[in-house]
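What follows is each chain in one-letter form.
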Amino acid sequence: MKLYRKRVKQMWLWFLLFSGLMLGQIGLPPTYAQDLPTATPDAEGIIYAEVLPNDSLWAIAARSGISLAELLDLNNLTEDALIQPGELLIVGIVAATPTPEATPTAVATREPPTPAATVPPPPPTVICLVAFTDENGNGEREPTEPLQAGVAFTVFTAESVVANYVTDGVSEPFCLTDLAAGNYQVTRSVGRDETLTNSGNRTVILATGDQVMLGFGGFTGQIVTAMPVSTPTEASNPPTQPAVVIGDAPGSATPESPSSESPNENGAGRPFLIGAGILIGILLLGTAVFLSRKQN
């Protein structure tokens, strides 16, 4: 029984071998890996073929149209070399196609900006102050009249005090620079037994760029000599521009007409005039109230 089974098995194997040979003889094509599109060379002219699952070296060579020996030479392999799916094998080398260089595109150059004209800054707005001993009593400083020390100046506006300054009789004139245009009030102190020869309280209306020199004269005792009025010349005076100065100021705009009274007399009579004005106002107000009640 065992011998019978062994013979049947041998006959079945011979039948399978014979069937395979017959199929090969009638022209059935061999089984290769899946056909793929023809690979294209890369930038260096090398053509690669990817190893597929269950692929073999002779199948890759046949698919690529080269012999197995060429495939082995190109990849430095032997017939018993193991290959893995996903590997790239060289199947051909061709001349690399040069890549045409791109022509540079001309870029328009922006024209440099037109230089703008620099506008010069306006001249500073300045008030300069000087106190002097007016020896001839004419209200203007002569070249020989000395500076006066110990005179306190206050410069202020309607909003705030701009500066306080006490003269030393050496470094004057004292100048306030970079002022804003507007109205400024300038007052000076009066010493004991001192007589002012021009106004000690002045209002200056400045426009932008105006530069004004204000001289404040005074003397103690009697005037020594009377000299004719001359144009004041001071080497340290800055150039002046038109400005409105209310009060007696050398080199300023048209001053107020002088009063027949001396400056000391004007100062002494001022409290009386203020008191009289207040009294008259009270009387008028009382009269108006009285008439209003009488009519009611």
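What counts as what
Residues numbered from 1 in each chain as written. Predicted model: local features only at pLDDT ≥ 70, side-chain atom pairs only at ≥ 80, totals over all residues. Heavy atoms only, no water. Phe/Tyr/Trp six-rings, centres within 6.5 Å; stacked < 30°, edge-to-face > 60°. Buried < 20%, exposed > 50% of the residue type's maximum accessible area, 1.4 Å probe, protein only. Lys NZ or Arg CZ within 6 Å of the ring centre and 35° of its normal. Axes fitted to C-alpha atoms, helices over the stretch in contact; angles between N-to-C directions. Helix = DSSP H or I, 4+ residues; strand = E, 2+ residues; numbered from the N terminus. Parallel < 35°, antiparallel > 145°, perpendicular 65-115°, else oblique. Contact = heavy atoms within 4.5 Å. Nonpolar A, V, L, I, M, F, W, Y, C, P; charged D, E, K, R; others polar. Polar contact = N/O pair within 3.5 Å; in protein donor to acceptor, adjacent residues only side chain to side chain. pLDDT = per-residue confidence, 0-100. Pairing = 2+ DSSP bridges.

Turning our attention to the packing of aromatic side chains. Under the definition given, this model contains 2 aromatic pairs. Look at Y165 and F174: their rings are 4.0 Å apart centre to centre, the planes differ by 5°, and that puts the pair in the stacked class. You can call F174 partly exposed: its relative accessible area is 21%. Across from the ring centre of F216, 3.9 Å away, lies the NZ or CZ of R202, which sits over that ring.

The next subject is the packing of helix α2 (residues 57-64) against helix α3 (residues 68-75). Helices that pack against each other are described as a pair by the angle of their axes relative to one another and the distance between those axes. Closest axis-to-axis distance for the α2/α3 pair is 8 Å, and the angle between their directions is 105°. Here α3 runs roughly perpendicular to α2, going by the angle between their axes. Every residue of α3 that contacts α2 at L57, W58, I60 and A61 is listed here: L68, L71 and L72. Across the contact of α2 with α3, the residue classes tally to 7 nonpolar, no polar and no charged.

Attention now moves to the side chain of N198. For N198, the position within the fold is in the loop between β8 (194-196) and β9 (201-206). Among the polar contacts made by the side chain of N198, one reaches the main-chain amide nitrogen of G217 at a distance of 3.1 Å.

It is worth spelling out the confidence of the model for the protein chain at this point. As a note on interpretation, predicted positions should not be read in detail where pLDDT is low. Taken as a whole, the protein chain shows an average pLDDT of 76; of its residues, 67% reach a score of 70 or greater. Per-residue pLDDT stays below 50 along residues 27-37; that stretch engages in 13 contacts with residues further than four places along the chain or on separate chains.

Turning our eyes to something else, we now look at the sheet that holds strand β6 (residues 174-176). Ordered by their spatial adjacency, 4 strands build an open sheet running β6-β3-β10-β8, and the pairing between neighbours is mixed. Each edge of the open sheet carries a strand with a single partner, namely β6 and β8. Within this sheet the neighbouring strands show an average axis-to-axis angle of 25°, counted without direction.

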